[in-house]
Protein chains: 2
Amino acid sequence: MATSGRQARVTITDVARHAQVSTTAVSKVLRNAYGVSDAMREKVRAAIDELGYRPHNAARAMRGRTFTIGVQLPHIRNPFFSDIVDGLTDEISGSGYQAIMVQSGDLDAAAERRAIDALMDRQVDGILSVAPVCSRVQLEEVARNTPLVVLGRHDRSALYDCVLDDDELGAQLMVEHLIALGHRRIAHITQRDTATRRSAVLLQAIRARTYEQVMTEHGLAEHLAIAATSYTEEGGYDGARELLARSPRPTAIFAGADQAAFGVLAAIHEAGLTVPGDISVAGYDNARMSRLAHISLTTVDQDGAIMGTTAGRLLLERIGGRSAAVRFSVTPTLVARRSTAPPA
Amino acid sequence: MATSGRQARVTITDVARHAQVSTTAVSKVLRNAYGVSDAMREKVRAAIDELGYRPHNAARAMRGRTFTIGVQLPHIRNPFFSDIVDGLTDEISGSGYQAIMVQSGDLDAAAERRAIDALMDRQVDGILSVAPVCSRVQLEEVARNTPLVVLGRHDRSALYDCVLDDDELGAQLMVEHLIALGHRRIAHITQRDTATRRSAVLLQAIRARTYEQVMTEHGLAEHLAIAATSYTEEGGYDGARELLARSPRPTAIFAGADQAAFGVLAAIHEAGLTVPGDISVAGYDNARMSRLAHISLTTVDQDGAIMGTTAGRLLLERIGGRSAAVRFSVTPTLVARRSTAPPA
DNA sequence: GTGAAAGCGCTAACAA
DNA sequence: TTGTTAGCGCTTTCAC
């Protein structure tokens, strides 16, 4: 009747004693290890059930696995990350693994590294790093100690796996869509980068660069207009206000992420303009919200669930012993909705 | 030059040897424990820095604290949960604690319990449970073993702390707002509950019940119309379609959560109707998105950041030894925006 | 103020 | 197939 005070936790020793066997036997049953008779397995299982035993993770961590996968992501506010996490969860459910998430904050390489360290200190068996901004060297340092999958970067490394979207193609599809509609003054909102030297591998840089290239190829170099804020609602809002203040103002705004596009919609509405009447708006990600919003958003679909599922599979493979690096790329598609139309 | 293979981890023994002291001394310095001279502290600190030592969490967990706070939440897609998590993160940053999150899925008491167990197995020092649906008995079982703060339930327990919003007041404000605008056929979208007996403590039940009460008090009992789906975009979408099919259809829809209200907006738009021209729409939570959406949403503000901050503080207090239960309630306010107007 | 030593719950050699 | 035993890295008595 321990109404106050903690209940003493049931340990492997209790189970062993209760089943009249050794702790080793119990441990083996727990891990489905080789060399246990059916009778033994039965006895142990029964004892485990009877006592309500659950392995103590920290103790496991000292010697073996923790059956934990750590997910580091900038923040949980971006609905696209939800798709990824749901995919990951789907894939590892039933494998006995549990995903734990930590927020690392936006655009802060130091905080990001602390978040990853926090996962490593907690002895996760593998790490999924979502859209990290730190250097490849840092990621490789992590990968040397823990199975690592990086999502959303155009890196190449022999030490970790990459899951990414062909952002070049996605951005190209979108800019060409807008050009085909007849737009010329097409502006772009990107996420500003902290360290320029590695920007070539970050997806925001690739989307922005592709925007510039496609515009230039179509002879629209003089209409290039980029606002470098961030892939958040606030970032989209601020970026749009900046772009709307220019003269002549753009007839279309391509935000590098849906989340930012939502902010763009708000800024345009606040300025007394209409979408797509005065200005076309496009995003990237095809977050669920894009479909459901009142003005449904033209965007680029990259299948977050599949990216998450794949990341989970790759992680389990790595934990299982694979060491050769894998690179998985999803092909984006254009999703034209009501937020884009020919210019007035 | 360990290019392949894991680097051997720096342990407390390495630090002790390097600083020419005992491991006990190092441990004390790490925990700011009583009984270390300044000189000793200096020596140890230097060694820690030099070696880049970080305590091994699992080993700590075996004896003492893990400096980890576990957050269980239904899913990360709801932007209101982001506000809570940001508040929590803010509060515990600098305390040496790290928050880890696990998704438990919607409306599934068993999955929820597994998620909480997963946190306990990982020896977190405290748990924040966000809008749990399981029974109070289960929560108390958890609370007996781990400091626990429950957010978003109208429970009373001597074993854990509660952080909640006065949902009765919030729902009342909203229904009266709609009535004051002249609406009579006001419908409500709620989250269906799995186990009815404990529904009295769940926020969705309180919002729904208050809706019924206020309507009845205003002589509008005959116009009661509730769709029981869920607090998600899909739930709002499905619920709205159900309500729109009724005849006569409502002139206002009060969704129990902003997230659901977004789905309502989509359904209404799809039906060729306008907001607020044909139908007024209202939500609950004042998620950031509500402010920024193209049709800005009338909603009830409950300060998620403050709820998160408070939950963090209460958790740290409990970890620090407090055992008396605390109950913290925020007072909601009405935020009238453009999605509500007098009926046509 | 400092350090030696026991032990947390588990896994993995190794022995039987 | 089963059991014995030595740690994993840390915290915590308890001597000194």
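Calculation criteria
- Residues numbered from 1 in each chain as written.
- Chains lettered and ligands numbered in written order.
- Predicted model: local features only at pLDDT ≥ 70, side-chain atom pairs only at ≥ 80, totals over all residues.
- Heavy atoms only, no water.
- Helix = DSSP H or I, 4+ residues; strand = E, 2+ residues; numbered from the N terminus.
- Buried < 20%, exposed > 50% of the residue type's maximum accessible area, 1.4 Å probe, protein only.
- Contact = heavy atoms within 4.5 Å.
- Polar contact = N/O pair within 3.5 Å; in protein donor to acceptor, adjacent residues only side chain to side chain.
- Near = heavy atom within 4 Å.
- Nonpolar A, V, L, I, M, F, W, Y, C, P; charged D, E, K, R; others polar.
- UniProt positions renumbered as here; feature names shortened; annotations may be inferred.
- Least-squares fit on C-alpha atoms with pLDDT ≥ 70 in both.

Visitor: Pulling in residues and values, what's your account of the overall build of chain A?
Guide: In terms of helices and strands, chain A carries 13 helices and 12 strands. Counting only C-alpha atoms and orienting by the principal axes, one finds that chain A spans roughly 85 × 45 × 35 Å. Going through the 344 residues of chain A one by one, you find that 56% of them count as buried. Residue pairs at least 24 apart in sequence account for 68% of intrachain contacts in chain A once pairs closer than 6 positions are excluded.

Visitor: Mind laying out the environment of B:T299, listing which residues take part and the relevant values?
Guide: Residues and elements named next belong to chain B. For T299, the location among the structural elements is in strand 10 (residues 299-301). We classify T299 as buried; its relative accessible area is 0%. Considering only alpha carbons, one finds T299 and T89, 210 residues apart in sequence, at a separation of 25 Å. In this structure T299 touches M174, D258, G283, Y284, D285, N286, T333, L334, V335 and R337, once residues within four positions along its chain are discounted. One polar contact links T299 to D258, side chain to side chain, over a distance of 2.7 Å.

Visitor: Break down the protein's contact with DNA strand C for me, citing the residues and quoting the values.
Guide: Looking at DNA strand C, there are 23 residues lining it, with A:I12, A:S27, A:R31, A:Y53 and B:T24 nearest. For DNA strand C, the fraction of atoms within 4 Å of the protein that belong to sugar or phosphate moieties is 64%. In this structure, a phosphate oxygen belonging to DNA strand C sits 3.3 Å away from a main-chain N or O atom of B:S22. Taking B:S37, its main chain carries an N or O atom lying 2.8 Å from a phosphate oxygen of DNA strand C. Put simply, the parts of the chain that give the surface near DNA strand C at least two residues each are helix 2 (23-30) and helix 4 (57-63) of chain A together with helix 2 (23-30) and helix 4 (57-63) of chain B. The biggest single contributor to the surface near DNA strand C is helix 4 of chain A, with 4 residues. Its residues assigned to classes, the surface near DNA strand C comprises 10 nonpolar, 8 polar and 5 charged.

Visitor: Break down the protein's contact with DNA strand D for me, citing the residues and quoting the values.
Guide: As a structural note, the neighbourhood of DNA strand D is formed by 23 residues, with A:T24, B:I12, B:S27, B:R31 and B:Y53 the closest of them. Counting only atoms of DNA strand D within 4 Å of the protein, the fraction found in sugar and phosphate groups is 62%. Here a phosphate oxygen of DNA strand D sits 2.3 Å away from a polar atom, N or O, in the main chain of B:I12. At the level of elements, helix 2 and helix 4 of chain A together with helix 2 and helix 4 of chain B are the ones that each hand at least two residues to the surface near DNA strand D.

Visitor: Can you lay out the UniProt feature "domain: HTH lacI-type" (unreviewed entry) in chain A for me, pointing to particular residues and giving the numbers?
Guide: Under the UniProt annotation, "domain: HTH lacI-type" (unreviewed entry) lies at residues 10-64 of chain A. Between the C-alpha atoms that bound residues 10-64 of chain A the distance is 20 Å, and the span itself is 67% helix and 0% strand.

Visitor: Would you mind going over the relation of the copies chain A and chain B in detail, with residue names and values included?
Guide: Mapping chain A onto chain B is achieved by rotating through 180° and translating by 0.0 Å along the same axis, at an RMSD of 0.1 Å. The relationship between the two copies is best expressed as a two-fold rotation axis. The share of interface residues of chain A whose copies in chain B are also at the interface is 100%, consistent with both copies meeting through the same surface.

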